[in-house]
Each structure stands twice: as structure tokens, then as C-alpha cells.
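# Residue-level structure breakdown
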Amino acid sequence: MSATTPAPHDRNELLELANRLYREFHTRCFWHSPPDLRITEELLPFVVKGLRTYGGHRGFLLASQLQPSGAALPASE
């Protein structure tokens with residue numbers, strides 16, 4: 001999967017992508033969580049934050065694919 005992965009078109013594709021990215025980046029970003037964790041809509045912010053914080057340049061770019069179009073992150077966290 002590259003940083004230019006096509007954006008998901010619907011909620012199912014979004015969750016499928018989130019689950020793939022979670023598994024792919026597990027040892028780097030999500031090592032403290034179960035490896036077989038099923039990503040749901042409620043966990044999308046967790047995946048986005050992990051990718052943006054610990055996923056390097058590629059993870060940072062891929063995290064944007066998990067956010068609604070035009071969504072901005074809060075200025076301070």
C-alpha cells in the first residue's frame with residue numbers, strides 16, 4: 001500500500017482501510033493495543049492519531065485518507 005492509496009468511497013471501504021493500516025502499522029504505532037483489534041467507526045480517531053504521531057511521513061499522509069473530506073484537526077491536542 002502506498003501513500004497514494006485511493007481515498008475510500010464509502011463507510012465500509014473506510015473501515016476496511018483503517019483495519020489494514022492498523023495491522024500494517026501495529027508494531028510501530030499501536031504496539032500497546034491487541035494485534036487483532038477490530039477497528040470500528042468509534043476507533044477511527046485512535047487510528048488517525050497513531051498514524052499521524054508515530055507513522056512517519058507515510059503514516060501521516062495515509063491518516064488523511066481516514067478523515068472526512070475537508071476535515072481539519074484541532075489546533076491543539
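Presented here is a report on the structure given in the accompanying data block. In this text, all values refer to a predicted model and were calculated from it rather than measured experimentally.

Let's shift gears to the packing of aromatic side chains. Scanning the model with the defined rule gives two aromatic pairs in all. Taking the centre distance of 5.3 Å and the plane angle of 50 degrees together, the rings of Phe-30 and Phe-46 count as tilted. Of this pair, Phe-30 sits in the loop between helix H2 (26-29) and helix H3 (44-54) while Phe-46 sits in helix H3; the two residues are 16 residues apart in sequence, bridging distant segments of the chain. By relative accessible area, Phe-30 is classed as buried at 1%.

Attention now moves to the environment of Asp-10. In this structure, Asp-10 sits in the segment before helix H1 (11-24). Owing to a relative accessible area of 40%, Asp-10 belongs among the partly exposed residues under this scheme. At 2.8 Å, the side chain of Asp-10 forms a polar contact with the backbone nitrogen of Glu-13.

To continue, consider the nonpolar core. Formed by 17 residues in total, the largest nonpolar core has its most connected members in Leu-21, Phe-25, Phe-30, Val-47, Leu-51 and Leu-66. Every element with two or more residues in this core is listed here: H1, H3 and helix H4 (56-63). With six residues, the single largest contributor to this core is H1. Contact partners of Phe-30, with chain neighbours within four places excluded, come to Leu-21, Tyr-22, Phe-25, Phe-46, Val-47, Gly-50 and Leu-51.

Reading the values: the criteria
Counting restarts for each chain: residues are numbered from 1 in the order of the written sequence. Residues qualify for local features only when their pLDDT is at least 70, as the model is predicted, and side-chain atom pairs are given and counted only at 80 or more; totals for whole chains, interfaces and linings, by contrast, use all residues. Side-chain metrics rest on all non-hydrogen atoms present in the structure, leaving aside hydrogens and water. Each pair of aromatic rings taken from Phe, Tyr and Trp, with Trp reduced to its six-membered ring, is defined by centres within 6.5 Å and is described as stacked if the planes are under 30 degrees apart, edge-to-face if over 60, and tilted in the remaining cases. Counting from the N terminus, the helices are DSSP H or I runs at least four residues long and the strands are E runs at least two residues long. Partly exposed describes any residue whose relative accessible area lies between the buried limit of under 20% and the exposed limit of over 50%, with all areas from a 1.4 Å probe on protein chains only and scaled to the type maximum. Pairs of N or O atoms within 3.5 Å make up the polar contacts considered here, provided that, within protein, one atom can donate a hydrogen while the other can accept it, and that residues adjacent in sequence are counted only when both atoms are side-chain atoms. Buried residues of nine kinds, namely Ala, Val, Leu, Ile, Met, Phe, Trp, Tyr and Cys, make up a nonpolar core once their side-chain atoms join them within 4.5 Å. Any two residues whose heavy atoms approach within 4.5 Å are treated as being in contact.

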